[in-house]
Amino acid sequence: MKKVLMKGNEAIGEAAIRAGCLNYFAYPITPQSEVAEYLSKRMPEVGGVFLQGESEVAVGYMIFGAAACGARVMTTSSSPGISLMSEAISYISGAECPAVFVNIMRGGPGLGGILPSQADYLQATKGGGHGDYRLLVMAPASVQEAVEMVMQAFPLAEKYRNPVMILGDGLIGQMMEPVAFPDQLRTEPSNKDAWATNGMDTRKSGKRNLVKSLYLDPTVLNNQNLKLKAKYDQMKREEIRFENYNIDVPYEALLVSYGTMSRVCKTAIDNLKTEGLEIGLVRPKTLFPFPEVAIREASRKPSCRVVLSIEMSMGQMLEDVERSVQGGKPVEWYGKCGGEVPTPEEVMDEIRLFLQRYGKE
Amino acid sequence: MGKTFQKPEALSDMPTHYCPGCTHGVIHRLIAEVIDEMNIRGKMVGIAPVGCAVLAYNYFTFDFQEAAHGRAPAMATGIKRVRPDLMVFTYQGDGDLASIGMGEIVHAANRGEKFTTIFVNNAVYGMTGGQMAPTTMPNQRTTTSPMGRNVAEVGMPIKVAELLASLQTPAYITRQTVIKPKYIVKAKKAIRKAFEYQLAGKCYSFVEVVSTCPTNWGLTPLEAVNWAENTMLPYYELGDKKVPD
């Protein structure tokens, strides 16, 4: 496969097209506006739909309307924009429609800043919108992986009839890296006639389809939520993805880190190795479902004295890491959330600090 | 001799949940009749609002989506952009469309989206229990304007048809009513015209229908009809506000 040098945001746009997503609605927001700029040119070239909505709120429902018709659709945004779309994400989840949301995170809360952050972890994995729902959340650590995850996201959204979120950060969106695009996928959900409002004329059954999330009967609504829960449980069985790094050695600390932050952690691990200190890393590629078992097992290594959640947020993933470790080892946090990416040296200092606290150095 | 009057195919057998004297049923029937006459049921997608008509999908026999409060025009935009061959209409009340969803309706109309909106204006929030709407008449008492709508504090009722007609983008914008038989034939013609413009891919089409809410107005159905005619119609003037070239 030929590699090309591309900016992350543009590669995400191209990946959507390669995945057969020819329907894109968006509203500009830094640091991901290049996706819309790129697709405003590319979508017409491939006969696709590009529309800049009047707000993120409206865009969320443009996605809903199109997804309910069985079309393959995507939007991209950044933190404050995702907050505005969260209402629609709840409705789309409730109505069980497939759609892909890309969140290129910036610092918050509020307007925050425009530089990279991972501070929407809880919003992405625990809700954001109202009600009992979950998104399948994938976290790329490179432009290449962003491309691959975007392309995987559409069939996953369609498999589960559920929104999938690609949770990147401003660095993934803004940096340029060599990238190769996998082959194209099919263009539309295969099972849509059973549920999509694509016009009765197009269906053999002759039955009308209804896309809704209103269940006034409490028993029926409870059953609907149980059905959704079963779906999220299936995700937990079938979709957990993660990467292990340097865990075949007797490491003294285990890092859990994702996305851009995990790359810094890998550099820190490599540097410490040359100093004779072994540190392991589990990198979740899916944040929901979360690789609990992998982290728990890695934490149980006898040589491991402390587990560190290293994030560009104020301990949001820490809660999931603690939950995974289940008290077997001490769990600590280090992170920054102003838009600055911690340097390898800062991470190394923190690792040394915690190792000292927990009995060595 | 064949039947001279029967239930349209586009209408279901579901018993109504609407209050006695409410005109939603009449409007539903007109839409269904037009869909039957135009033979477009198989490519129709309706979008229900939040409000009394949230259950509108129970009364029709074609594809339906349910929107969040005010967002039906954005959903319709999404549908028409990815499936221009489908026929799409949003069915929205005045709380839904003129208040929380004002942004969506203005921008969809201004983009010239090729769908149809049926806008049911009964000057009050119905489903939530009769609160003041942007369309509530001056001095009209509601549960949140117990002394009557004070226009010095909250402004005059919004004339949505006129507001949308002020946009420069070509569109079919009309205001009708179904409160008395003499108006109903005209309202049906307007709905038909709106769907015909959409079918031809010509423009956005918008039919405001001045309606009643006896329950929340605290009037009998007959009093409600007369109140609408005497109080609303002088302000919400009937007729076409904008017609495409």
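Residues numbered from 1 in each chain as written. Chains lettered and ligands numbered in written order. Predicted model: local features only at pLDDT ≥ 70, side-chain atom pairs only at ≥ 80, totals over all residues. Heavy atoms only, no water.

**As for the overall build of chain A**
Helices and strands together make up the secondary structure of chain A, namely 12 helices and 15 strands. What you see for chain A is a C-alpha radius of gyration of 21 Å, in line with the 21 Å of a compact globule of 361 residues. Along the first, second and third principal axes, the C-alpha atoms of chain A reach 70 × 50 × 40 Å. Here chain A, with 361 residues, has 61% of them falling under the buried criterion. For chain A, contacts bridging at least 24 residues in sequence account for 80% of all contacts bridging at least 6. For chain A, the accessible surface area stands at approximately 13600 Å², while carbon and sulfur atoms represent 53% of it. Charge separation in chain A, taken as the distance between the mean sites of 40 positive and 43 negative side-chain charges, equals 6 Å. (Helix = DSSP H or I, 4+ residues; strand = E, 2+ residues; numbered from the N terminus. Rg over C-alpha atoms; globule rule 2.2 N^0.38 Å. Buried < 20%, exposed > 50% of the residue type's maximum accessible area, 1.4 Å probe, protein only. Contact = heavy atoms within 4.5 Å. Areas by Shrake-Rupley, 256 points an atom, 1.4 Å probe, with all protein chains shown as cover. Lys, Arg positive; Asp, Glu negative; His and termini not counted. Charge placed at Lys NZ, Arg CZ, Asp CG, Glu CD.)

**Remarks on the sheet that holds strand β7 (residues 163-169) of chain A**
Residue and element names in this part refer to chain A. If you trace the 7 strands from one edge of the open sheet to the other, you get β3-β2-β4-β5-β7-β6-β13, paired in mixed fashion. The open sheet has two edge strands, β3 (49-52) and β13 (286-288), and neither has a second partner. Each neighbouring strand pair of the sheet contributes to a mean axis angle of 20°, computed without reference to strand direction. (Pairing = 2+ DSSP bridges. Axes fitted to C-alpha atoms, helices over the stretch in contact; angles between N-to-C directions.)

**Points about the nonpolar core**
One finds Phe 25, Phe 64, Met 74, Cys 97 and Val 321 of chain A together with Leu 164 and Phe 206 of chain B to be the most contacted residues of the largest nonpolar core, which totals 126 residues. When residues in this core are grouped by element, the largest group, 11 residues, is from helix α6 (residues 143-160) of chain A. Apart from residues no more than four positions distant in its own chain, Phe 206 of chain B is found in contact with Leu 97, Ile 105, Thr 117, Phe 119, Val 160, Ala 161, Leu 164, Tyr 172, Ile 173 and Thr 174 of chain B. Ranked by size, the runner-up nonpolar core spans 39 residues in total, among them Val 34, Met 38, Ile 118 and Ala 190 of chain B. (Core = buried A, V, L, I, M, F, W, Y, C linked by side-chain atoms within 4.5 Å.)

**So, the interface of chain B and chain A**
A common way to express how large an interface is: the accessible area buried when the components associate. Taken together, the contact between chain B and chain A spans 33 residues of the former and 33 residues of the latter. Carbon and sulfur atoms supply 60% of the area that chain B and chain A bury against each other, a total of about 2600 Å² over both sides. When residues of chain B are sorted by the area they lose upon contact with chain A, Asp 63, Glu 66 and Val 82 of chain B head the list and together hold 22% of the total. Scanning the region where chain B abuts chain A turns up 3 salt bridges. One salt bridge in this structure joins Glu 54 of chain A and Arg 111 of chain B, with 2.8 Å as the shortest N-O distance. Viewed at the interface, chain A and chain B are joined by 20 residue pairs in polar contact (both at pLDDT 80 or more). Of all elements in the fold, only β2 (63-66), α2 (72-82) and α4 (102-111) of chain B reach the threshold of two or more residues within the side of chain B that touches chain A. Looking at the side of chain B that touches chain A element by element, the count peaks at 7 residues for α2 of chain B. Of the residues assigned to the side of chain B that touches chain A, the class counts are 14 nonpolar, 9 polar and 10 charged. Sheet analysis places strand β9 (residues 210-211) of chain A next to β2 of chain B, joined by 2 bridges and oriented parallel. (Buried area = accessible area lost by both parts, 1.4 Å probe. Salt bridge = Lys/Arg side-chain N within 4 Å of Asp/Glu carboxyl O. Polar contact = N/O pair within 3.5 Å; in protein donor to acceptor, adjacent residues only side chain to side chain. Nonpolar A, V, L, I, M, F, W, Y, C, P; charged D, E, K, R; others polar.)

**A few points about the sheet that holds strand β3 (residues 87-93) of chain B**
On the basis of which strands lie adjacent, the open sheet formed by 8 strands has the order β9(A)-β2(B)-β1(B)-β3(B)-β4(B)-β6(B)-β5(B)-β7(B) and mixed pairing. Two strands bound the open sheet, and with one partner strand each, they are β9 of chain A together with β7 (239-242) of chain B. Against the sheet, helix α7 (residues 181-199) of chain B touches β1 (44-48), β3, β4 (116-121), β5 (171-177), β6 (204-210) and β7 of chain B, its axis set at about 160° to β5 of chain B.

**Regarding the pattern of salt bridges**
All told, the structure shown has 46 salt bridges over all chains when counted by the stated rule. For the salt bridge of Arg 357 of chain A with Glu 332 of chain A, the shortest nitrogen-to-oxygen distance reads 3.4 Å. With a gap of 25 residues between them, Arg 357 of chain A in helix α12 (residues 344-357) and Glu 332 of chain A in strand β15 (residues 331-335) connect regions that are remote in the sequence. With a relative accessible area of 51%, Arg 357 of chain A lands in the exposed category. Residues joined in a network through salt bridges with shared partners are Arg 29, Glu 33, Glu 37, Lys 188, Arg 192 and Glu 196 of chain B.

**Some points on helix α9 (residues 221-235) of chain B**
Residues and elements named next belong to chain B. With 15 residues, α9 should reach 21 Å at 1.5 Å per residue; the first-to-last C-alpha distance of 21 Å fits that figure. Most pronounced at Glu 229, the bend in α9 amounts to some 30°. Buried within α9 we find Ala 224, Val 225, Ala 228, Glu 229, Met 232, Leu 233 and Tyr 235. Looking at the buried positions of α9, the neighbouring elements they touch are β4, β5, α7, β6 and α8 (214-217). (Expected span 1.5 Å × (residues − 1). Bend = angle between axes of the 7 residues up to and from the residue.)

These results come straight from atomic positions and should not be treated as a statement about function.
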